[in-house]
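# Examining the three-dimensional arrangement
Listed below are the residues making up each chain.
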Amino acid sequence: MRALGLLFLLTVAQASHASAERYIQLSMHVVKVLAANADGRINTGTGVQIDDTHVITNCHVVGIATNVIVARGSSGVPAQASSVDPRHDLCVMTTPHAMGRPVDMATSRTLKVGDTVHAVGFSGGKALSMSDGQVTALHEMDGALVIETDASFQQGASGGALFDTDGRLVGVLTFFIPGMKRHFAVPVEWVHSGNAASELPLRDATPPFWAAADEDKPYFLRAIQHENDGDWGRLQAVAKEWVEAEPNNSAAIKAAVRASQLPPLR
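Here is a short report on the structure shown in this document. Quantities reported herein were computed from a predicted structural model and do not represent experimental measurements. (Residues numbered from 1 in each chain as written. Predicted model: local features only at pLDDT ≥ 70, side-chain atom pairs only at ≥ 80, totals over all residues. Heavy atoms only, no water.)

For the structure on display, the rule yields 12 salt bridges. One salt bridge in this structure joins D115 and K112, with 3.0 Å as the shortest N-O distance. Judged by its relative accessible area of 17%, D115 is buried. Judged by its relative accessible area of 54%, K112 falls in the exposed class. (Salt bridge = Lys/Arg side-chain N within 4 Å of Asp/Glu carboxyl O. Buried < 20%, exposed > 50% of the residue type's maximum accessible area, 1.4 Å probe, protein only.)

The next subject is unusual backbone geometry. Going from L200 to P201, the amide bond is cis rather than trans, its omega being -5°. Topologically, P201 is positioned in the loop between β13 (195-196) and α3 (219-229). Despite not being glycine, D89 shows a phi value in the positive range, around 65°. Note on placement: D89 falls in the loop between β5 (75-85) and β6 (90-94). On the accessibility criterion, D89 (1% relative accessible area) is buried. Here the phi dihedral of D142 falls at roughly 50°; this positive angle occurs in a residue that is not glycine. Topologically, D142 is positioned in the loop between β8 (129-141) and β9 (144-149). In this structure D142 comes out as partly exposed when scored by relative accessible area, which is 45%. (Helix = DSSP H or I, 4+ residues; strand = E, 2+ residues; numbered from the N terminus.)

Turning our attention to the layout of surface pockets. Here the largest pocket is characterised by a volume of approximately 570 Å³. Taken together, 24 residues form the lining of the largest pocket, with L138, H139, F220, W242 and A251 sitting closest to its centre. At the level of secondary structure, the elements contributing two or more residues to the lining of the largest pocket comprise β8, α3 and α5 (250-260). If you tally residues by element for the lining of the largest pocket, the top one is β8, at 6 residues. A breakdown of the residues in the lining of the largest pocket according to their chemical character gives 12 nonpolar, 4 polar and 8 charged. (1 Å grid on protein atoms, 1.4 Å probe; cavity = no way out; pocket = protein on both sides within 12 Å on 5 of 7 lines; lining within 4 Å. Points joined across faces, edges and corners; volume = space filled by probe spheres on them. Nonpolar A, V, L, I, M, F, W, Y, C, P; charged D, E, K, R; others polar.)

Considering all chains together, one arrives at 1 disulfide under this definition. Residue C59 pairs covalently with C91 via a disulfide, S to S 2.2 Å. The sign of the S-S torsion, about 105°, decides the handedness of the disulfide formed by C59 and C91: right-handed. Remark: C91 occurs in strand β6 and C59 occurs in helix α2 (residues 59-62); sequence separation between them is 32 residues. Judged by relative accessible area, C59 falls into the buried class, the value being 7%. (Disulfide = S-S within 2.5 Å.)

With that out of the way, let us pick up the sheet that holds β8. Here we have 6 strands rolled up into a closed barrel, ordered β7-β8-β9-β12-β11-β10, and antiparallel in their pairing. With direction set aside, neighbouring strand axes in the sheet form an average angle of 45°. As defined by bridge partners, strand β7 (residues 116-121) adjoins β8 across 6 bridges and the pair is classed as antiparallel. For V120, the partnering residue across the bridge sits in β8 and is M130. (Pairing = 2+ DSSP bridges. Axes fitted to C-alpha atoms, helices over the stretch in contact; angles between N-to-C directions.)

What follows is the structure, given as structure tokens:
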């Protein structure tokens, strides 16, 4: 029994060491983003160093800012928007030099449901944290896969990194559904899909796809929201529309089957 107890403690210690080592390695690619608005309020988010002079973050972090600082530790540098993609909620920021270590990337299509991933960001706007989890779903959208995971993060981690087990950036942490373990990262394939930026604050008021009006959201998000709200009638209607629009989409078929098994709206 004592030998088994010692073996258990050794295994836990090794796992803890491996996790700490992984955190240190992955955190080198992640920076804090401080966005000062015209009214003096400062919005805190996260960014990922994608090369020596560029950081990717969410447009909802920096979009209405008049000044942006990219920081690591007690040091910071000014940043300017060089590429913006409001619909996909991705803004590339230019800095005088790198504040973090440039990251390697892998496409969202290298993932499968059940894969282990690591979410790294300034959850709560405070200390950098890492959450381990799995890919719980992959949602086809605009030529790539929006990644759903149970690796949790909070406000402040927006613009942070979702890494695969090889330490490659596969997604940018973007939004979550409050009260549910449903967290979403947009795929790295969208990182370079933006248009040249003018200056901050952005003049383009296009909301990101996840915050758009219901009819402008992708089908998978509409289905998730209606199921979360217990609105079976609307879920059934959306599932029907989704299957008609994308008859070969397995997620649409699953949503339709699920909707058909739910009680009618009273």
